[in-house]
Amino acid sequence: MADYIYMMETRLTPEQQRAVALMQDLARAQEMNLYLTGGAIRDMISGASIRDLDFTVQGNALKLQKDLERSGVIIQGVDEDTRTLLIQLPGNVRGEVSMARTERYEKPRRPPEISSATIIEDLRRRDFTVNAMALSLNAGSRGLLLDPTNGAADIEAKLIRILHNYSFYEEPSRLIRATRFAARFHWTIEERTQARYDAAKENNYIENISDKAIGYEIAQIAYEDDPLHILRVLEKEGWLSVLNPHWSLAKVDTAGLNELMKTRQLMQNLGYIFEAAPAAMYFLTARLPERDIAAIQKLIPRRSFVEIWRKLETEAKELQKRLSSKEAATPSLAWKLLSNTRPEAILFLDVTTRQQAVAQKIKNFFGKWRQMKEKLPLPEMAELLITPELPAYPKLAEEAFYLLLDGKLRSRTETLRFLKPYAPPPPPPPPPPTKRGRAAKAAEAPAAAATAGKRGRKGKEAAPALPPPPPAAKPAAAASHPAPAPIAKGKKASAPPAPHKSAAHKAPPGGHKPAKKAAKGRK
C-alpha cells in the first residue's frame, strides 16, 4: 500500500508543503474537513509536476476568505455559485478552495443546481476517474486516499475515462479537457469514453459550452509546459476556434514563445518562483486583433493573471530604460537593479528587448556574474573566522562580491587583503586536559603539600605569642653522679670505663649460627 503522507512530503515543493500546512490550520479553526483533491492527487501519483493545489472542504468554502486574507493569501477570484475561491498562497503557489457539492444538470448551457454534499458525492460528480480522488488532511485520517472510481488504476494504465455516459452532454468543456490531458500526458482515451467523445463531437455538444468554461480552458493552455503542442492538438480537433473564432497557430508568435520557454526553464533552474503563464499567453495571442485579446482577457477567471498580462510591456519598457541609464552603469549597480525587479518583468524583457547592451546585462545576470560568487575564498575566510555565524558576514560577503563584479578585486590575494581587517580576534586557547591515573596523583601531591603548608603558616601567624617555657629540671640520677674533674694540662684524658657486659650481651660462639637456628625454629 502506498504511503501517501510520504508521497506528499516528497512530491510537493517546500512552498506547496507550507501552503498545505496553512490550509490545514485554517480549516481546523473553522471545524471543517479538508481534502487535497483533483489534479494535485493525479499528478502526485503519476509523477508529473504539480502545478497547483485544489482543496475541497465539507462546508461553505467562502467562510475561509477572511482567514485566508489575514494569513497573506491573495484572493484572485470568487465564484458565489459553486462556493469556490481562486487563491494564490504565499510562495506563489496557485490554488483553489471549493465546497464539496453535487451538480444536477436540467438542460445544457444552463448552470447546474448545486447543493452541499459529502466528499464521496463530490468525487462522483467529477469529469474523469483520474481527477476523482482525494487525500484526507484531517487529524485521525491524514494520508487516507479516497478513490471511489478506481482512478489510481487508470493512472497506472494511462487511461482517460469519464464517470458516466452523460458526462460530455452535461458539461461540453470536458471534450476540450480530455483532448488537453491526452496531449499533455500522452495518455489514451478509454474505448467507451472515446465512443462518447465521438458522438458528442458529431452532435455538436460543444456549442452549449459556457463562457466561464471557455475562460478556464484558455487560461489552462498558458500554464502548460508545452503550450504550443497543446494548441496544435486543439486546433486539429477543432476546439481552438471554439475558444476564440479567430484564434489559430498563425496568430502565435512561435519564435518568441520558444525563447520564453527557454528563459523560463533557465530561471526555474536558478530557483526563481514566478508566474510565466501571462507572458506565455502574450505570445500565444500576439497576432490577434486587440478586440479579440480584450474578449479573451474578459473571460479569464483569475484577475491577477489578466493584470500581469496587461502590464508586461509597460514594465519591460521601464526596466529597459533603467538598465540603459546611469542607474546600471556598473555591473554591481545592474546586479542590484535586477535583483530587486519582479522576475516576470526580467523574463519578458529578456525575450523582447532589441538593445544589445540590455540583453548582455541580463545574460550576465543569469550566468557570468553569478559565477563571480565562486571566486570568494571561502576556505581562507573560514581560517580568518569570517563565517556565516559572524553577524557582519552577509554584508561583508556582499561587498566583496560587488568589488569582484566591478573588477576592483582581481585576485585571491587582493580579496584576502580586503577581508583580513574584518577578521574577529581568535578565541582563547582551551584549558589543558585533566590528567588521570598516577600522573594526576603525582601532580596533586605537591599542590596538596603546598596548600597544607600555607594553612600551617596561616595558623602560626594567627596564634598569639606564648612565653618561653621554663628550663627543665635535671633528673635525680644525674645529680647522684659527680661531674668529672677538670683535666690538667699535659695529662692525657683517660678513656671512659668500658661498659659492664652481662651474659646476655656476650656474643655466642660460632658467629651467626644461633641466628640460623632461630630462623629454623621459626620455620
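Residues numbered from 1 in each chain as written. Predicted model: local features only at pLDDT ≥ 70, side-chain atom pairs only at ≥ 80, totals over all residues. Heavy atoms only, no water.

Participant: Hey, could you run me through the pairing of strand 4 (residues 84-89) in this one?
Facilitator: Looking along a regular strand, one sees side chains alternate from face to face of the sheet. The buried count for strand 4 comes to six of six residues, which makes it a mostly enclosed element. Because side chains alternate across strand 4, one face comprises the buried residues T84, L86 and Q88, and the other comprises L85, I87 and L89, equally buried. Summarising the sheet, strand 3 (residues 74-79) and strand 4 pair through five bridges and their orientation is antiparallel. When the bridges of strand 4 are listed, I75 appears paired with I87. Between strand 3 and strand 4, which follow one another and run antiparallel, lie four residues, and R83 among them has a positive phi close to 55°. One ladder, built from six bridges, connects strand 4 with strand 5 (residues 93-99); its direction is antiparallel. Residue pairing for strand 5: L86 is matched across the bridge by E96. (Buried < 20%, exposed > 50% of the residue type's maximum accessible area, 1.4 Å probe, protein only. Helix = DSSP H or I, 4+ residues; strand = E, 2+ residues; numbered from the N terminus. Pairing = 2+ DSSP bridges.)

Participant: Would you mind going over the packing of aromatic side chains with me for this structure?
Facilitator: Each pair of aromatic rings is reported with the distance of its centres and the angle of its planes. Taken as a whole, this structure holds 17 aromatic pairs when the rule is applied. Between the aromatic rings of F401 and Y402, the centroid separation amounts to 5.9 Å while the plane-to-plane angle is 40°, which identifies the pairing as tilted. Of the two residues, F401 and Y402, both sit in the buried class. Members of the aromatic cluster, each reached through a chain of ring pairs, are Y272, W335, F365, F366, F401 and Y402. Over the face of the ring belonging to W239 we find K201, whose NZ or CZ atom lies 5.7 Å from the ring centre. Above the face of the F365 ring, R370 is positioned so that its terminal group lies 4.7 Å from the ring centre. (Phe/Tyr/Trp six-rings, centres within 6.5 Å; stacked < 30°, edge-to-face > 60°. Lys NZ or Arg CZ within 6 Å of the ring centre and 35° of its normal.)

Participant: Teacher, can you tell me more about the confidence of the model for the protein here?
Facilitator: In low-pLDDT segments, the atomic positions of the prediction should not be examined closely. Summary statistics for the protein give a mean pLDDT of 86 and a share of 83% for residues scoring 70 or more. Per-element averaging of pLDDT across the protein places helix 25 (residues 476-480) at the bottom with 42 and strand 10 (residues 159-160) at the top with 98. For residues 473-496, every residue scores under 50 in pLDDT, and the model assigns this stretch one contact once sequence neighbours within four places are set aside. Taken together, the stretch residues 498-523 has pLDDT below 50 and engages in two contacts with residues farther than four places along the chain or on a different chain. (pLDDT = per-residue confidence, 0-100. Contact = heavy atoms within 4.5 Å.)

Participant: I keep staring at the side chain of T82 and nothing clicks. Help me out?
Facilitator: Within the secondary structure, T82 sits in the loop between strand 3 and strand 4. Among the polar contacts made by the side chain of T82, one reaches the side chain of D79 at a distance of 3.3 Å. Engagement of the side chain of T82 in a polar contact is seen with the side chain of T84, the distance being 2.8 Å. Beyond its immediate stretch of four places on either side in the chain, T82 contacts M99, R101 and I114. (Polar contact = N/O pair within 3.5 Å; in protein donor to acceptor, adjacent residues only side chain to side chain.)

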